[in-house]
Amino acid sequence: MTAYASGERATAFGTLACEVRAVNHRFLEPGFRLSEELRGLEPALREKLAQRIARGKVDVGFRLRAAASSEGLKLNPQVLDQLSALALEMSGRFPGFKVEFTELLRQPGLIEQAEVDAEGLQAECLALMDAVLDDFVAAREREGAALAAAMRERLDGIERIVAEVKMALPEIRTALRARLDARIADLKQPLDPGRLEQELVLQLQKIDVDEELDRLGAHIAEMRRTLASREAVGRRLDFLLQEFNREANTLGSKSIDARSSAASVELKVLIEQLREQVQNIE
């Protein structure tokens, strides 16, 4: 699900800054934006991210703002002598030749860089990422709690519709019997009572939705249990909604009454709303 967190950490190497942002995605798809001196840390950061997050398109940014050095710049005397000799040689051949001091500073190797403790820098980066991920996960949990509450409201709606259809079934069956009796009364030839009962049973079997309603009730209970879990449940919820949709479709296909047809449509609307919300859950 979507979330954002950021943080900074003062270290011996300078100030480290980290930000993590994510949008919805079926799988974990991490991306890293690292300053040049931190690029070698990507494998360790990627592993740390995978330990905490299972789904989402996640962008991680790291930058290091180097601390000001009290010793000033250090120049490599050997490289400086070589540049000086070359400048004197070139000035003899080209009297108008000039070199700006700032251009000299760009010469590779002229400015001596202090050795960086790679292990220490990695430890600082991982410690900062842990702290930022704590905030990030907390933000996702808050959003997840809001989503779970919204999904439970939809489940309440589905449960209400299932109960209404169950209450209406006896009346629907009675109405079916009345329609069959009316059609038989219009016939000129009398029918065998046994044949009439057989036809009624066949018609009732075609419209029997007790199993579908019972399975919907079981799916509702399972979804409530799943929403209460502390584990990653997005894929399981997605599978459950496929089962919800199957039962709603069957209810609609067996319907011979406006009430059950309307119930099937309402169920599909609520199920689709649940499906949209499940895409935001890890």
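Residues numbered from 1 in each chain as written. Predicted model: local features only at pLDDT ≥ 70, side-chain atom pairs only at ≥ 80, totals over all residues. Heavy atoms only, no water.

Novice: Would you take a moment to explain the pairing of strand β2 (residues 14-23) for this structure?
Specialist: If a strand is regular, its side chains alternate between the two faces of the sheet. Among the 10 residues in β2, 7 count as buried, and that is most of the element. Sheet topology places strand β1 (residues 3-11) next to β2; 9 bridges connect them, and they run antiparallel. Paired with A5 across the two strands is V20, which belongs to β2. Between the end of β1 and the start of β2, which pair antiparallel, lie 2 residues. Sheet analysis places β2 next to strand β4 (residues 56-66), joined by 10 bridges and oriented antiparallel. Paired with C18 across the strands is F62, a residue of β4. (Buried < 20%, exposed > 50% of the residue type's maximum accessible area, 1.4 Å probe, protein only. Helix = DSSP H or I, 4+ residues; strand = E, 2+ residues; numbered from the N terminus. Pairing = 2+ DSSP bridges.)

Novice: I'm lost on helix α7 (residues 234-253) in this one. Help?
Specialist: Side chains three or four residues apart in an α-helix point the same way, a direct result of the helix having 3.6 residues per turn. Compared with an ideal rise of 1.5 Å per residue, which puts 20 residues at 28 Å, α7 spans 29 Å between its outermost C-alpha atoms and is within 8% of the ideal. Those residues of α7 lying buried are G234, L237, L240, L241, E243, F244, E247, A248 and L251. (Expected span 1.5 Å × (residues − 1).)

Novice: Teacher, can you tell me more about the nonpolar core here?
Specialist: Core analysis: the biggest nonpolar cluster contains 29 residues, and I158, M223, L237, F244 and L267 have the highest contact counts within it. Taken together, the elements giving at least two residues each to this core come down to α4 (118-186), α6 (210-227), α7 and α8 (258-278). Beyond its immediate chain neighbours, meaning those up to four positions away, F244 contacts L155, I158, L216, H219, I220, M223 and I271. Formed by 27 residues, the second largest nonpolar core is a distinct cluster that contains L34, L121, L133 and F136. (Core = buried A, V, L, I, M, F, W, Y, C linked by side-chain atoms within 4.5 Å. Contact = heavy atoms within 4.5 Å.)

Novice: Just checking my understanding: could you explain the packing of α6 against α7 for this structure?
Specialist: To describe two helices that pack against each other, one gives the angle between their axes and the distance between the axes. It is at 10 Å that the axes of α6 and α7 come closest, and there the two elements cross at 160 degrees. Put simply, α6 runs roughly antiparallel to α7. α6 and α7 meet at a crossing whose hand is left-handed. Taken together, the residues of α7 that come into contact with α6 (itself represented by E212, R215, L216, H219, I220, E222, M223, R225, T226 and L227) are R236, L237, L240, L241, E243, F244, E247 and T250. Classifying every residue of the contact of α6 with α7 gives 8 nonpolar, 3 polar and 7 charged. (Axes fitted to C-alpha atoms, helices over the stretch in contact; angles between N-to-C directions. Parallel < 35°, antiparallel > 145°, perpendicular 65-115°, else oblique. Left-handed = near helix turned anticlockwise from the far one by under 90°. Nonpolar A, V, L, I, M, F, W, Y, C, P; charged D, E, K, R; others polar.)

Novice: Explain the layout of surface pockets to me, please; I cannot follow it from the model alone.
Specialist: The probe, sized like a water molecule, is rolled over the atoms to show the empty space still left. A volume near 550 Å³ is recorded for the second largest pocket. Around the second largest pocket, the lining is made up of 19 residues, and of these E141, G144, S229, R230 and E231 lie nearest the centre. A class-by-class count of the residues in the lining of the second largest pocket yields 10 nonpolar, 2 polar and 7 charged. (1 Å grid on protein atoms, 1.4 Å probe; cavity = no way out; pocket = protein on both sides within 12 Å on 5 of 7 lines; lining within 4 Å. Points joined across faces, edges and corners; volume = space filled by probe spheres on them.)

Novice: Can you help me understand α8 in this one?
Specialist: Its 21 residues give α8 an end-to-end C-alpha distance of 30 Å, which sits within 8% of 30 Å, the value for a rise of 1.5 Å per residue. Of all the positions in α8, only S260, A263, S264, L267, L270, I271, L274, Q277 and V278 are classed as buried. End-on view of α8: buried residues confined to an arc of 145 degrees, all on one side of the axis. Projecting away from the buried face of α8 at angles above 90 degrees are the exposed residues A258, V265 and E276. (Arc of directions from axis to C-beta.)

Novice: What's the story with the pattern of salt bridges in this structure? I'm lost.
Specialist: Here the idea is simple: oppositely charged side chains can pair when their charged atoms come close. Overall, the coordinates contain 22 salt bridges when judged by the stated rule. For R39, the salt bridge goes to E36, with nearest N and O atoms at 3.1 Å. Classification of E36 by relative accessible area gives exposed; the value is 58%. Taking the shortest distance from any N to any O, the salt bridge between E247 and R215 comes out at 2.9 Å. Of this pair, E247 sits in helix α7 while R215 sits in helix α6, placing them 32 residues apart in sequence. Judged by relative accessible area, R215 falls into the partly exposed class, the value being 34%. Each of K48, R52, D130 and D134 takes part in one network of salt bridges that share partners. (Salt bridge = Lys/Arg side-chain N within 4 Å of Asp/Glu carboxyl O.)

Novice: Mind showing me how you'd approach the sheet that holds β1 here?
Specialist: Judged by pairing direction, the sheet is mixed, and its 4 strands sit side by side in the order β1-β2-β4-β3 without closing on themselves. Strand pairing shows two members of the sheet lacking a second neighbour, β1 and β3 (28-34), which therefore form its edges. Adjacent strand axes in the sheet meet at a mean angle of 15 degrees when their direction is disregarded. Taken strand by strand, helix α1 (residues 42-52) contacts β3 and β4, and its axis lies near 145 degrees from that of β3.

Novice: Honestly, the confidence of the model for the protein chain in this entry has me stumped. Any pointers?
Specialist: Do not read the predicted coordinates in detail wherever pLDDT is low. Mean pLDDT over the protein chain: 82, with 81% of residues reaching 70 or higher. Here helix α5 (residues 193-206) stands out as the least confident element of the protein chain, with mean pLDDT 61; β2 is the most confident, with 92. (pLDDT = per-residue confidence, 0-100.)

Novice: For this particular structure, what's the right way to read the environment of L28?
Specialist: Inspection of the secondary structure puts L28 in strand β3. Given a relative accessible area of 28%, L28 falls into the partly exposed group. Between the C-alpha atoms of L28 and V58, which are 30 residues apart in sequence, the distance is 7.3 Å. Once you skip the residues sitting within four places of it in the chain, L28 turns out to touch A50, I53, A54, R55, G56 and V58.

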